[in-house]
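# What the coordinates show
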Amino acid sequence: MTADRPPTLKELIWLRGWFRHLSTTGPKVVFRSGNTETPHPFPEDSRLQCLNTLAQIDALIDAHPDTTDQPK
């Protein structure tokens, strides 16, 4: 996907999966130091921004000319 061409349906579906992951609550990364594990959640404002982006991606998928009964 580049600025000179629209994204393919495959790229949009991949992005949808990634933003679904980011928009869920809970830790996204665990820092390990020796025997200590410290989970760190995704910041709430960023999570909400991902929900907005996810809605935009869903709209692009619905409007994509190659969309033919793709699973959501």
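Residues numbered from 1 in each chain as written. Predicted model: local features only at pLDDT ≥ 70, side-chain atom pairs only at ≥ 80, totals over all residues. Heavy atoms only, no water.

Here the chain averages 87 in pLDDT, and 89% of its residues register 70 or above. The lowest-confidence element of the chain is strand E1 (residues 27–33), averaging 89 in pLDDT; the highest-confidence one is helix H2 (residues 44–63), averaging 94. (pLDDT = per-residue confidence, 0-100. Helix = DSSP H or I, 4+ residues; strand = E, 2+ residues; numbered from the N terminus.)

This brings us to the pairing of E1. Both E1 and strand E2 (residues 36–41) contribute to a ladder of 6 bridges, which runs antiparallel. The residue bridging Val-29 from the neighbouring strand is His-40, located in E2. Counting the residues that bridge the hairpin from E1 to E2 gives 2 residues, and of these Gly-34 lies at a positive phi of roughly 65°. (Pairing = 2+ DSSP bridges.)

Core analysis: the biggest nonpolar cluster contains 9 residues, these being Leu-9, Leu-12, Leu-15, Phe-19, Leu-22, Cys-50, Leu-54, Ile-57 and Ile-61. Elements that contribute at least two residues to this core include exactly helix H1 (9–23) and H2. For this core, the element with the highest residue contribution is H1, accounting for 5 residues. (Core = buried A, V, L, I, M, F, W, Y, C linked by side-chain atoms within 4.5 Å. Buried < 20%, exposed > 50% of the residue type's maximum accessible area, 1.4 Å probe, protein only.)

Attention now goes to H2. Helix length check: H2, at 20 residues, gives a terminal C-alpha distance of 29 Å against a target of 28 Å (1.5 Å per residue), a fit within 8%. Those residues of H2 lying buried are Arg-47, Cys-50, Leu-54, Ile-57 and Ile-61. In an axial view of H2, the angular spread of the buried residues amounts to 70°, which keeps them on one side of the axis. Exposed residues on H2 whose side chains face more than 90 degrees from its buried face are Asp-45, Gln-49 and Ala-63. Buried positions along H2 lie against H1. (Expected span 1.5 Å × (residues − 1). Arc of directions from axis to C-beta. Contact = heavy atoms within 4.5 Å.)

For H1, which comprises 15 residues, the first-to-last C-alpha distance of 21 Å matches the rise-based estimate of 21 Å (1.5 Å per residue) to within 8%. When H1 is considered as a whole, its buried residues turn out to be Leu-9, Leu-12, Leu-15, Arg-16, Phe-19, Leu-22 and Ser-23. Here the buried residues of H1 occupy an arc of 135° about the axis, which is enough to place them on one side. In this structure, H1 carries Lys-10 and Trp-14 as exposed residues pointing more than 90 degrees from its buried face. Considering only its buried residues, H1 is in contact with E1 and H2.

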